[in-house]
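# Structural overview for review
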Amino acid sequence: MTTIHLRNLDIVTLDEQGTIHRQADLVVADGFITHLGQAPDTLQADEIIDASGRVALPGLVNAHCHSPMTLLRGWAEDMYFPEWLPKVWRAENQLTGPDIYWGAALAACEMIRTGTIAFNDMYFFMDRVAEVVSESGMKAALTWGFFDPGDGTAVGPALEQTIEWIKATHARGNSRIKTYLGPHSPYTCSQTTLERVVEIAHELGQGIHLHLSESQEQVDQSLKRYGLRPVQHLNSIGVFEVPGGCIAAHTIYIDGQDIEILAKKGVCVPHCPITYMKLAMPFFSFKANLQAGVKMCLGTDGPASNADMDMFAVIRQTALTQKLLQVDPTMMPADTVLRLATQAGAKALGFTDSGVLKVGAPADLILVNLDAPHLRPVHNLIANLVHSAKGSDVTDVMVDGQWLMRNRELKTLDEDRILYEVETRAKALVERVKQ
Ligand SMILES: [Zn+2]
């Protein structure tokens, strides 16, 4: 049993009472937190670390992203969403398994460096992303996405292949990887396809991860086709009542009845404000969702539309945009937004013990360096973390007691090789799109 003793650090637990320890001890043994506050004098640790000037907090959870889209970062800029999406899809048609592997590996480097310990990913070749998750030591919920509008223009693996991948992933028994069924969205999948997905979700005990109600156009299309808004359409075919639950990304064009359904059915809604701002997609439903008890969490979305994977940026922008949109500076207190970025995301992904620092919880934590000009003085530690900290202030990352980064050095991934591979492959990819 490996025991790690961190000394002299501040600890933001995010427990129910919002306990903060100052100049305290945190002990990790065999992957779990065993002491918080004062370690026993008799403790015999394998590693003793003086963490003066650092604050520990639960690791961040990116509740919706497309990690291999790092390959397209900065490639489709200043475009409207209806034009941006087909351009990105043209590039995605050219992707290979190795491209996906290296793109996800780059994302993992970036996420670890900015304090993310778990992510919810939807993309293609998810067997290759699973390799990255295994090697990096991160936690992830993985969705092998597909489009099947039922008119012969399906993209991605057949549903049956997805099922085989889910079974094979579970057989490997990596508790750090969860799986979801991934019909991309109700506007790219027919009702027949979605009904089949719901059946399979019940057979396999799986959840569903998809995109929902991202634009007025999608709402109009759904009303024309089904006489129902997208949320109501999915509700009518049981998408929200599958055993593993439903994660419906974005869900921004909704009305009061939609919100009631989302809250009642326990749908998790990842909110990705930087993508919405960059693609000029208005997002006015957040406050009503929160007030109605919809399970909100936060994500970056893909780095082709964000264009980074820094959850500290998402945390700050979530707070700022709501204050502005509601013309109310009391909206989104710092503690609330920090909980959305940690425990709410962890719950949505099925890592239910993560997102809080307490005895018995898995040691999924990050250390932030407070010895920086923009983080002093410390009148209010939580406010500094939400409104002043940046991803680059994260010095150390631990998942299940394993160091993924120590003193800004990545411990599980070969970053130099990853940067080289991605640069080469991303250039070759966009050349193939031009041809
Ligand atoms: Zn997305």
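Turning next to the pattern of salt bridges. Note that side chains of opposite charge can pair when their charged atoms are close. Counted by the stated rule, this structure contains 22 salt bridges. One salt bridge in this structure joins lysine 411 and glutamate 409, with 3.9 Å as the shortest N-O distance. Given the relative accessible area of 47%, glutamate 409 is considered partly exposed. Across the pair arginine 425 and glutamate 421 runs a salt bridge, and its minimum N-O distance is 3.3 Å. With a gap of four residues between them, arginine 425 and glutamate 421 both fall in helix H14 (residues 415-434), about one helical turn apart. Its relative accessible area of 11% is what places glutamate 421 among the buried residues. Shared partners join several salt bridges into a network, and the residues in it are Asp99, Arg417, Glu421, Arg425 and Arg432.

Of all hydrophobic cores here, the largest spans 131 residues; its most connected members are Trp84, Leu142, Ile208, Val239, Phe240, Ile366 and Val368. Here this core gets eleven residues from one element, more than from any other, and that element is helix H2 (residues 97-113). There are two domains that each give this core at least three residues, and those are domain 1 (3-58 + 353-410) and domain 2 (60-349). With near-sequence residues (within four places) excluded, leucine 142 lies in contact with Asp121, Met126, Val129, Ala130, Val133, Trp165, Ile177, Lys178, Thr179 and Tyr180. Listed in part, the 18 residues of the second largest apolar core include Ala24, Leu36, Ile49 and Ala51.

Now for the packing of aromatic side chains. Evaluation of the coordinates by the stated rule reveals seven aromatic pairs. Both rings, one in tyrosine 101 and one in tryptophan 102, keep their centres 5.0 Å apart while their planes meet at 90°; by these two values the pair is edge-to-face. Given the relative accessible area of 12%, tyrosine 101 is considered buried. Between tyrosine 276 and phenylalanine 283, the ring centres sit 5.3 Å apart and the planes meet at 50°, which makes this aromatic pair tilted. The burial state of tyrosine 276 is the same as that of phenylalanine 283; both residues are buried. Members of the aromatic cluster, each reached through a chain of ring pairs, are Trp89, Tyr123, Phe124 and Phe147. Taking the ring centre of tryptophan 75 as reference, the NZ or CZ of lysine 87 above it sits at 4.5 Å.

Attention shifts here to the domain arrangement of the chain. Looking at the chain, the domain boundaries give domain 1 (3-58 + 353-410) and domain 2 (60-349). A straight line from the C-alpha centre of domain 1 to that of domain 2 covers 29 Å. Between domain 1 and domain 2, the contact holds 31 residues from the first and 27 residues from the second. Carbon and sulfur atoms make up 66% of the area that domain 1 and domain 2 hide from each other, which totals about 2,400 Å². Among the residues domain 1 hides against domain 2, the three largest losses belong to Leu14, Val386 and His387. Together they make up 26% of the total. Taken together, the connections running from domain 1 to domain 2 amount to two salt bridges. Where domain 1 meets domain 2, there are nine residue pairs in polar contact (both at pLDDT 80 or more). Among the secondary structure elements, those contributing two or more residues to the side of domain 1 that touches domain 2 are strand E5 (54-58), strand E14 (365-369), helix H13 (381-387), strand E15 (394-399) and strand E16 (402-406). A total of five residues in the side of domain 1 that touches domain 2 trace back to one element, the largest contributor, which is H13.

Our next topic: the packing of helix H4 (residues 159-172) against helix H5 (residues 191-204). One can describe the packing of H4 onto H5 by two numbers: an axis separation of 12 Å at closest approach and a directional angle of 20°. Relative to H5, the element H4 lies roughly parallel. For the pair H4 and H5, the sense of crossing is right-handed. Mapping the contact onto sequence places Leu159, Glu160, Ile163, Ile166 and Lys167 in H4 and Arg196, Val197, Ile200 and Leu204 in H5. Taken together, the residues of the contact of H4 with H5 break down into six nonpolar, no polar and three charged.

In this section: the coordination of the zinc ion. With distances of 2.1 to 2.6 Å, the protein atoms coordinating the zinc ion are His64 (NE2), His66 (NE2), His211 (NE2) and Asp301 (OD). Each of the four donor atoms bound to the zinc ion contributes to angles spanning 82 to 172°, and the resulting shape is irregular. Ordering the donors of the zinc ion by residue number gives the pattern H-x1-H-x144-H-x89-D. Taken together, the residues histidine 66 in the loop between strand E6 (60-65) and helix H1 (81-92) and histidine 211 in strand E10 (residues 207-212) connect sequence positions 145 residues apart. Accessibility classification places histidine 66 together with histidine 211 in one group, the buried group.

Assignment of secondary structure puts leucine 204 in helix H5. A relative accessible area of 26% means that leucine 204 is categorised as partly exposed. Note: C-alpha distance between leucine 204 and leucine 181 (23 residues apart in sequence) is 9.9 Å.

Along the polypeptide, serine 354 turns up in the loop between helix H12 (334-349) and E14. Look at serine 354 and you get buried, because its relative accessible area is 6%. Among the polar contacts listed, one links the side chain of serine 354 to the side chain of aspartate 364, at a separation of 2.8 Å.

A regular strand places its side chains so that they alternate between the two faces of the sheet. Within E14, four of the five residues are buried, which leaves the element mostly enclosed by the surrounding structure. Bridge analysis of E5 against E14 gives five bridges, and the strand direction is antiparallel. When the bridges of E14 are listed, alanine 56 appears paired with leucine 367. As judged from the four bridges shared by E14 and E15, these two strands associate in the antiparallel manner.

Each value, and the rule that gives it
Residues numbered from 1 in each chain as written. Predicted model: local features only at pLDDT ≥ 70, side-chain atom pairs only at ≥ 80, totals over all residues. Heavy atoms only, no water. Salt bridge = Lys/Arg side-chain N within 4 Å of Asp/Glu carboxyl O. Buried < 20%, exposed > 50% of the residue type's maximum accessible area, 1.4 Å probe, protein only. Helix = DSSP H or I, 4+ residues; strand = E, 2+ residues; numbered from the N terminus. Core = buried A, V, L, I, M, F, W, Y, C linked by side-chain atoms within 4.5 Å. Domains from an automatic or database assignment. Contact = heavy atoms within 4.5 Å. Phe/Tyr/Trp six-rings, centres within 6.5 Å; stacked < 30°, edge-to-face > 60°. Lys NZ or Arg CZ within 6 Å of the ring centre and 35° of its normal. Buried area = accessible area lost by both parts, 1.4 Å probe. Polar contact = N/O pair within 3.5 Å; in protein donor to acceptor, adjacent residues only side chain to side chain. Axes fitted to C-alpha atoms, helices over the stretch in contact; angles between N-to-C directions. Parallel < 35°, antiparallel > 145°, perpendicular 65-115°, else oblique. Left-handed = near helix turned anticlockwise from the far one by under 90°. Nonpolar A, V, L, I, M, F, W, Y, C, P; charged D, E, K, R; others polar. Donors = N, O, S within 2.8 Å, 3.2 Å for Na, K, Ca; no water. Tetrahedral: all angles 85-135°; square planar, octahedral: opposite > 155°, others 65-115°. Pairing = 2+ DSSP bridges.

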